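Secondary and tertiary structure notes
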Amino acid sequence: MERLDALERGYAEFGRRVRSVRDDQWDAPTPCTEWTVRDLVRHLVAEHLWAPRLLRGATLEEVGDRFDGDVLGDDPRAAWRRAAEESRAAFHRPGALDGHVHTSDGPRPAADYAREMTTDLTVHAWDLARGVGADDRLDEELARYVYEAVRPVADSLRDTGLFGEPVGAGEGAGVQDRLVALLGRRP
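What you see is a predicted model, and the numbers here were worked out from it, not measured in a lab. (Residues numbered from 1 in each chain as written. Predicted model: local features only at pLDDT ≥ 70, side-chain atom pairs only at ≥ 80, totals over all residues. Heavy atoms only, no water.)

Turning our attention to the nonpolar core. Most often, soluble globular proteins keep nonpolar side chains buried together rather than apart. F14, V41, V45, W80, F91, Y113 and L128 are the most contacted members of the largest nonpolar core, which totals 56 residues. Those elements that place two or more of their residues in this core are α1 (3-20), α2 (37-55), α4 (76-92), α5 (110-132), α6 (140-150) and α8 (175-182). At eleven residues, the largest contribution of residues to this core is made by α2. In this structure V41 touches F14, V18, W26, L72, P76 and L128, once residues within four positions along its chain are discounted. (Core = buried A, V, L, I, M, F, W, Y, C linked by side-chain atoms within 4.5 Å. Buried < 20%, exposed > 50% of the residue type's maximum accessible area, 1.4 Å probe, protein only. Helix = DSSP H or I, 4+ residues; strand = E, 2+ residues; numbered from the N terminus. Contact = heavy atoms within 4.5 Å.)

Quick look at α5 now. Compared with an ideal rise of 1.5 Å per residue, which puts 23 residues at 33 Å, α5 spans 32 Å between its outermost C-alpha atoms and is within 8% of the ideal. Most of α5 is tucked away: 19 of the 23 residues are buried. Residue G133 follows α5 closely and has a positive phi angle near 70°. (Expected span 1.5 Å × (residues − 1).)

Before going further, it helps to examine the environment of T122. Note that T122 resides in helix α5. Here T122 falls in the buried class, since its relative accessible area comes to 0%. Taking the C-alpha atoms as reference points, T122 and D139, separated by 17 residues in sequence, lie 9.0 Å from one another. When near neighbours in sequence (up to four residues on either side) are disregarded, T122 contacts G10, L138, L142, V146 and L179.

The full count for this structure, using the stated rule, is three aromatic pairs. Here the aromatic rings of F14 and W80 are separated by 4.9 Å at their centres, their planes lie at 70°, and the arrangement is edge-to-face. On the criterion of sequence distance, the pair formed by F14 in helix α1 and W80 in helix α4 is long-range, its members being 66 residues apart. W80 carries the same exposure label as F14, and that label is buried. In this structure, R88 packs its charged tip against the face of Y11, placed 4.4 Å from the ring centre. Here the basic side chain of R178 rests over the ring of Y147, its NZ or CZ set 5.1 Å away from the ring centre. (Phe/Tyr/Trp six-rings, centres within 6.5 Å; stacked < 30°, edge-to-face > 60°. Lys NZ or Arg CZ within 6 Å of the ring centre and 35° of its normal.)

Looking now at the packing of α1 against α6. Where α1 contacts α6, the axes come no closer than 10 Å and their chain directions differ by 120°. In this structure, α1 meets α6 at a crossing whose hand is left-handed. Contact residues: α1 offers R3, A6, R9, G10 and E13, while α6 offers E141, L142 and Y145. The residue makeup of the contact of α1 with α6, split by class, is three nonpolar, one polar and four charged. (Axes fitted to C-alpha atoms, helices over the stretch in contact; angles between N-to-C directions. Left-handed = near helix turned anticlockwise from the far one by under 90°. Nonpolar A, V, L, I, M, F, W, Y, C, P; charged D, E, K, R; others polar.)

Take E47: it is sitting in helix α2. The class for E47 is partly exposed, based on a relative accessible area of 21%.

Taken as a whole, this structure holds 16 salt bridges when the rule is applied. In this structure, R22 and D24 form a salt bridge, with 3.1 Å as the shortest nitrogen-oxygen distance. Residue R22 is classed as partly exposed on the basis of its relative accessible area of 48%. What makes D24 exposed here is its relative accessible area of 61%. (Salt bridge = Lys/Arg side-chain N within 4 Å of Asp/Glu carboxyl O.)

Here is the structure:
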């Protein structure tokens, strides 16, 4: 699977789950124990508001704190739609994946940043589905792409505190269950 194809599928998976959130579910818990549904969506909206600026070469200092706080406003679904559209356009800009982006870990290849954003979209689509009781089945090809990307770096991801300790996926588990289990979620 090509990197931008995977990213597009990630947008679709997460967007589908955002659209499924009922108005009375924004305060519901998610598998991300410190986040409600609203917190989880806010996290992804903020990340995707950052993306166009980082892909144009902005530093963290230049972006500053403009995306701290409530970036969802009164319409979280519309906030997600706008952020995803801007982010998508930025990743698809010719040459966008050829450069580097500034991150809290220092400069990183933009192509790696795209893979990280795909991982976040995919895993959090599953988290969001679980939080609102929606269908949590992920696109199998996307789950495989993310699993293969995450497996070699899972230990370093855990060291950042972004993901929990792996849990057992069970014998004969499919790629989706292996992915979420690798990242500390119970399938």
